Amino acid sequence: MNVYLTQSRFTYSTHVELLDDILFPQKVHWFPETYHKATTGMFYPPHKVAEKVLDPDLMADLRENSAGKTAFILAAGNTNFSGISPHNKKPSRLSYAYKFLPLTLTQVYAARVAQACGASDQIITDSSACASSLKVLMDVSNLIQNYGFDRVIVLAVEDQVSNSVLEFFGETRAALLHEEESKTGAVPSAFDSKNYGFYVGQGAAFAVFDSEQTVERSGIDPIARLMGAYSASEVINNAIGQREDGQGFAQAIKGAAYYADINVEDIRTVKTHGTGTQSNNASESAGLRSVLKDFIATAYKPRIGHTMGVSGLLETLLLFEDMQSGFVPGIPNRSEEDAVFLSAHAPVPDGLVLSVAAGMGNIYSAAIFDRPCR
Amino acid sequence: MDFLQLLNAVARVAKPDYQEFIPLQDMAAPIAQSNLDSLDLLITSIYLCELYGIDQETSKGMSPATPQELLNFLNEHKTKEPQSVEAALKEVR
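Each value, and the rule that gives it
Throughout, residues of each chain are indexed from 1 in the direction in which the sequence is written. Lettering for chains starts from A, numbering for ligands starts from 1, and both go in the order in which the items are written. At least 70 in pLDDT is required for a residue's local features to be given in this predicted model, at least 80 for side-chain atom pairs to be given and counted, and no such filter applies to totals for whole chains, interfaces and linings, which use all residues. As a rule here, side-chain values come from all non-hydrogen atoms in the structure, and water together with hydrogens is ignored. A run of H or I in DSSP counts as a helix once it spans at least four residues, and a run of E counts as a strand once it spans at least two, with each numbered from the N terminus. When checking whether two residues touch, look at their non-hydrogen atoms; a contact exists if any pair is within 4.5 Å. Calculation of accessible area relied on Shrake-Rupley with a 1.4 Å probe; when residues are assessed, cover is drawn exclusively from the protein chains displayed. A residue counts as positive if it is Lys or Arg and as negative if it is Asp or Glu; His and the chain ends are not included. Charge positions come from single atoms, namely NZ of Lys, CZ of Arg, CG of Asp or CD of Glu. Strand pairing follows a simple DSSP-based rule, namely that at least 2 bridges must link the two strands. Helix axes are fitted only over the stretch in contact, all axes being lines through C-alpha atoms; the angle between N-to-C directions runs from 0 to 180 degrees. Relative accessibility decides the category of a residue: with a 1.4 Å probe and only protein chains considered, values under 20% of the type maximum give buried, values over 50% give exposed, and everything between is partly exposed. Here a salt bridge means any side-chain nitrogen of Lys or Arg lying within 4 Å of a carboxyl oxygen belonging to Asp or Glu. Residues adjacent in sequence count toward polar contacts only when both atoms are side-chain atoms; beyond that, a polar contact is any pair of N or O atoms within 3.5 Å, and within protein one must be able to donate a hydrogen and the other to accept it. Buried area counts how much accessible surface, traced with a 1.4 Å probe, disappears from two parts once they are put together, with both parts' losses summed.

Chemist: Is there a simple way to think about the overall build of chain B in this case?
Modeler: Helices and strands together make up the secondary structure of chain B, namely five helices and zero strands. Listed N to C, the secondary structure of chain B is α-α-α-α-α in terms of helices and strands. Each principal axis of the C-alpha distribution contributes one length, and for chain B these read about 30 × 25 × 25 Å. Long-range contacts, defined here as pairs at least 24 residues apart, represent 62% of the contacts in chain B between residues at least 6 apart. Carbon together with sulfur atoms contributes 49% to the accessible area of chain B, which is approximately 4900 Å² in total. Separation between the mean location of the 7 positive side-chain charges and that of the 14 negative ones in chain B comes to 6 Å.

Chemist: So what exactly am I meant to see when it comes to the sheet that holds strand S5 (residues 122-126) of chain A here?
Modeler: The strands that make up a sheet pair up through hydrogen bonds in the backbone, lying either parallel or antiparallel. Residue and element names in this part refer to chain A. With respect to topology, ten strands assemble into an open sheet ordered S5-S4-S6-S8-S1-S9-S15-S14-S10-S11, the strand pairing being mixed. Each edge of the open sheet is held by one strand with a lone partner, namely S5 and strand S11 (296-298). Along the sheet, successive strands turn relative to each other by an average axial angle of 25°, direction set aside. Sheet analysis places strand S9 (residues 224-232) next to strand S15 (residues 363-369), joined by six bridges and oriented antiparallel. Note on S15: the bridge partner recorded for Ala-232 is Tyr-364. Packed onto the sheet, helix H8 (residues 247-260) meets S9, strand S14 (352-359) and S15 and runs at close to 135° relative to S9.

Chemist: How should I be thinking about the side chain of Glu284(A) in this particular structure?
Modeler: All names here are of chain A. Relative to the elements of secondary structure, Glu-284 occurs in helix H9 (residues 278-291). Buried charge Glu-284 goes without a salt bridge, the closest partner of opposite sign being Lys-271 at 6.4 Å. Within the structure, Glu-284 has its side chain in polar contact with the backbone nitrogen of Gly-274 (distance 2.9 Å). Setting aside residues up to four positions removed in sequence, Glu-284 forms contacts with Phe-191, Phe-249, Thr-272, His-273, Gly-274 and Val-356.

Chemist: For this particular structure, what's the right way to read the environment of Val215(A)?
Modeler: All names here are of chain A. For Val-215, the location among the structural elements is in helix H7 (residues 212-218). A residue is classified by how much of its surface remains accessible, and Val-215, at 11% relative accessible area, is buried. Val-215 sits 124 residues away from Pro-91 along the chain, and the two C-alpha atoms are 50 Å apart. Those residues in contact with Val-215, other than ones at most four positions away along the chain, are Tyr-4, Thr-6, Asp-210, Ile-220 and Pro-222.

Chemist: Could you clarify how one ought to interpret the pattern of salt bridges in this entry?
Modeler: Opposite charge on two side chains lets them pair, provided their charged atoms get close. In total, this model carries 26 salt bridges over all chains according to the counting rule given. Residues participating in the shared-partner salt-bridge network are Glu17(A), Asp20(A), Asp21(A) and Arg93(A).

Chemist: I would appreciate a short explanation of the interface of chain B and chain A in the present structure.
Modeler: Buried accessible area, meaning the area lost when the parts come together, often serves as the stated size of an interface. The interface of chain B with chain A comprises 15 residues on the first partner and 13 residues on the second. Interface area, chain B with chain A, both sides summed: about 1300 Å², of which 65% is carbon and sulfur. It is Tyr18(B), Leu39(B) and Glu50(B) that lose the most area in chain B upon contact with chain A, and together they represent 40% of the buried surface on that side. At the boundary of chain B and chain A, one finds two salt bridges. With a closest N to O distance of 2.2 Å, Glu50(B) and Lys99(A) form a salt bridge. For the pair chain B and chain A, the number of links is seven residue pairs in polar contact (both at pLDDT 80 or more). At seven residues, the largest contribution of residues to the side of chain B that touches chain A is made by helix H2 (residues 38-51) of chain B.

What follows is the structure in structure tokens.
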């Protein structure tokens, strides 16, 4: 049973701003307007980001033209949107007290959106940290191939630019902090010997996956075919660390290839997780090189920021858009020439597309697609 | 300002667009007749408390069955009130 990506909407911000009044000053990619009126407690930034991809016409179409048995998955990265965490130690421009507590639970929000999309056969939330929106593609495949679902709708949104998240990534020194940036002159990049790290970024993605029969019935022109997806972990004693030999990445890729029933040699284009941290650079490049043979790889976080649980799906959709334009993009801010972890745009090769993501808590996800159909 | 007009306008914002909302016509009519579910009613109530300047702690004591009960609660605890339906909608949208 083939599974197709048939519709998508996504958003990200290229507006970069230094937030200097937070505990760990850092630059972010964000939509400042999502915080407009947040201090009244009646508007919630993650919902405002989601609204950018919740196209009313598409939702009405999904609701009014049911494909049959339909599931909805909110890939939220967490069980709660994090902006109202009581952990915040220092008031900042991001501080507010949201008054609608039920809607801070991701599952309650999921139900509200799912019903508006006519998805009422199963509504679930995923909280697999930064792997969330790619991890759910394993669920998408499973629901369609093994449980008779005709359609699965995925909304990926997280409360990325919030006091809690920025404090967490500041405390763990995972994000590129302003202090370090000023001292070293480094700018965000990935797989590079000079530039490294990421800024946190707001973003959201909305995607519709349909069974082969649904596609045939509706006559819809798919964007891509989801061939297989898998999530794996690795043997490590550090719940926020990554093995340098890339075991987790390799396991996820092998699993996805197994369920896609393909030879890994057929994978020629890779959308990496590409946070650009020293740890991820080592782990991901080792994992990829241990499994794949002849491939080119790109990374989107240096361009759009790290959109956390949203990143896996959002960056995959961005890659499809770029491939439609005839190229696989170079990784921004590479300081050396590289034909594998691309330092410049490259033509789209033949073969399959691999998308990978990783999350704190030892999770690695991979999904394999055939080339964009459109 | 007609309170029913305000309530219906605010409740329409609270209710998802695609769902039917039946405007209330009578201050004594059960709010349940409007097709507001419990989450819609919670959102509507919080909007109204904000518009009437009622703090969150106090607003938790509200469980109106009719528009009249809702208005009575708001009048009892208000520290301000909206100037018009249009002004109120600007605040909650």
